[in-house]
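Given next are the chains, with one letter for each unit.
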Amino acid sequence: MPNTMPSSPGQSSTSSLNADAIAPGLAAPGAVTISTSPRHHLSDAALNDAIVGFRSRDERSRPFNLLRTQIIRLAATGVRIIGITSATPRVGKTFVASNLAASLARLPEWQTVLFDLDLRRGSVAERFNIPVEKGMTEYLAGQTDDLAGLAWGIEGQQLTIYPAAVRRVLSSELLASARFQQLIDAMRALPEQSIVLLDLPPVFANDDAMIVGELIDGYLMVVEDGVTTAKQIRDAMRLMKSVRCFGTVLNNYVKGFSGGDYGYGYGKGSGYADYYN
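Nothing here was measured: the structure is a model prediction, and the numbers come from that model.

## Quick word on the overall build of the protein chain
Point 1. Along the protein chain, the regular secondary structure elements total nine helices and eight strands.
Point 2. Every one of the 277 residues in the protein chain was classed for burial, and the buried ones make up 54%.
Point 3. Put simply, 84% of the contacts in the protein chain that link residues at least 6 apart link residues at least 24 apart.
Point 4. Counting every atom, the protein chain has about 12100 Å² of accessible surface; 49% of that belongs to carbon and sulfur.

Right, dumping it as structure tokens:
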């Protein structure tokens, strides 16, 4: 998959951790069903300004639309569960995952589900302005069996979001549990016209991305222009070597789409602002 170049407006901050660590639950649930009819909804007006993927007439959504088409091509080959990760923190991983999910949600024949599995520093809820109290951490720890009660949607969009609240958590143990394996099985049981995106922790943060990677179809690697080094990319992909990499996403590219790398421009000054407006 060729690189796609979104430009992030900045990274989200992480709220303070809870005082008590959350340990894995002892019991796995019975049959797990992932609801694509969210119990809670946000209006479009309530969304964070960083979510541009829903706005088909906003030129900032263009990179995500291009990436969306490549994801649909992968889905045609049977790919359904895709992780979004990075080598290091704060390079726009959640920004990309959230806006790609929003762009996919504009396709009426597809159902998109976004899970925040960055259990220690999850920020999907912050990106979408979701007032999360309980999320994926509590579910995986066995503190709630009501998975459907964690689902959020955006009015008028084919998107279901399962957020995570920031917790002090034994994340690797939760993601290596039988409960999480059952959740993966439930993802695979979704209707054929479904795509599941998993916002994963950075590869170097811990072994969470590697644990989840073994259970899914593959991943996208988000890198930030001028921040992520070639060595970090190589080392991260070496750690993930047994997992299929679908491609890299170059975030916050300083030239945007207006550079002349290929002899022609893509962005401002080339008429695309008028095209989108």
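## Overview of the pairing of strand 2 (residues 81-86)
Point 1. Among the six residues in strand 2, six count as buried, and that is most of the element.
Point 2. Residues Ile81, Gly83 and Thr85 point to one face of strand 2 and Ile82, Ile84 and Ser86 to the other, with burial holding for every one of them.
Point 3. Inspection of the sheet shows strand 2 paired to strand 6 (residues 194-199) by four bridges, in the parallel sense. By the bridge assignment, Gly83 is partnered in strand 6 with Leu198.
Point 4. As paired strands, strand 2 and strand 7 (residues 218-224) are joined by five bridges and run parallel to one another. Within strand 7, the position partnered with Ser86 by the bridge is Val222.

## Here's the deal with the packing of aromatic side chains
Point 1. Within the structure shown, the criterion is met by two aromatic pairs.
Point 2. With a centroid separation of 5.6 Å and an interplanar angle of 75 degrees, the aromatic rings of Phe64 and Phe95 are classed as edge-to-face. Of the two residues, Phe64 is situated in helix 1 (residues 62-75) and Phe95 in helix 2 (residues 93-104); the sequence distance between them amounts to 31 residues. The pair formed by Phe64 and Phe95 is uniform in burial state, with each residue classed as buried.
Point 3. Judged by centre distance (4.6 Å) and plane angle (5 degrees), the rings of Phe115 and Tyr162 are stacked.

## Regarding the pairing of strand 8 (residues 245-251)
Point 1. Counting buried positions along strand 8 yields six of seven residues, so the element is predominantly enclosed.
Point 2. Note that strand 7 and strand 8 share six bridges and pair parallel. Opposite Glu224, over in strand 8, you have Asn251 as the bridge partner.
Point 3. Remark: the strand 7/helix 8 (residues 230-239)/strand 8 crossover connection has right-handed handedness.

## Regarding the pattern of salt bridges
Point 1. Within the structure shown, the criterion is met by 12 salt bridges.
Point 2. Here Asp146 ties to Arg39 by a salt bridge, and the two come within 2.9 Å at their closest N and O atoms. Linking Asp146 in the loop between helix 4 (136-140) and strand 4 (152-154) with Arg39 in the segment before strand 1 (40-42), this pair joins segments that are 107 residues apart in sequence.
Point 3. Here Asp146 falls in the partly exposed class, since its relative accessible area comes to 35%.
Point 4. Asp58 is the partner of Arg55 in a salt bridge, and the nearest nitrogen-oxygen pair spans 3.8 Å.
Point 5. The exposure class of Asp58 is buried, given its relative accessible area of 15%.
Point 6. Through salt bridges with shared partners, a single network forms among Arg55, Asp58 and Arg60.

## Quick notes on the sheet that holds strand 6
Point 1. What the eight strands build is an open sheet, ordered 1-4-5-3-6-2-7-8; its pairing is mixed. Each edge of the open sheet carries a strand with a single partner, namely strand 1 and strand 8. For this sheet, the mean inter-axis angle between neighbouring strands, taken without regard to orientation, is 25 degrees.
Point 2. With six bridges connecting them, strand 3 (residues 111-116) and strand 6 associate as parallel partners. Its bridge partner lying in strand 6, Val113 is registered against Val196.
Point 3. Strand contacts of helix 1: strand 2, strand 6, strand 7 and strand 8, with the helix running at about 120 degrees to strand 6, the strand carrying the most contacts.
Point 4. Against the sheet, helix 6 (residues 178-188) contacts strand 2, strand 3 and strand 6, and its axis sits at roughly 125 degrees relative to strand 2.

## Notes on the nonpolar core
Point 1. Counting 40 residues, the largest nonpolar core has Phe54, Phe128, Leu159 and Leu220 as its most contacted members.
Point 2. It is helix 2 that contributes the most residues to this core, seven residues altogether.
Point 3. Residues in contact with Leu159, not counting those within four places in the same chain, are Pro38, Phe54, Ala101, Ala105, Gln111, Thr112, Leu114, Phe128, Trp152, Gly153 and Ile154.
Point 4. Counting residues in each nonpolar core, the second largest holds 30 residues, with Ala151, Ile184, Ala186 and Met187 among its members.

## Examining unusual backbone geometry
Point 1. Not every positive phi belongs to a glycine, and Arg90 is a case in point at roughly 60 degrees.
Point 2. As for its position among the elements, Arg90 is in the loop between strand 2 and helix 2.
Point 3. Here Arg90 falls in the exposed class, since its relative accessible area comes to 56%.

Procedures and definitions
Residues numbered from 1 in each chain as written. Predicted model: local features only at pLDDT ≥ 70, side-chain atom pairs only at ≥ 80, totals over all residues. Heavy atoms only, no water. Helix = DSSP H or I, 4+ residues; strand = E, 2+ residues; numbered from the N terminus. Buried < 20%, exposed > 50% of the residue type's maximum accessible area, 1.4 Å probe, protein only. Contact = heavy atoms within 4.5 Å. Areas by Shrake-Rupley, 256 points an atom, 1.4 Å probe, with all protein chains shown as cover. Pairing = 2+ DSSP bridges. Phe/Tyr/Trp six-rings, centres within 6.5 Å; stacked < 30°, edge-to-face > 60°. Right-handed = clockwise from strand over helix to strand, strands pointing away. Salt bridge = Lys/Arg side-chain N within 4 Å of Asp/Glu carboxyl O. Axes fitted to C-alpha atoms, helices over the stretch in contact; angles between N-to-C directions. Core = buried A, V, L, I, M, F, W, Y, C linked by side-chain atoms within 4.5 Å.

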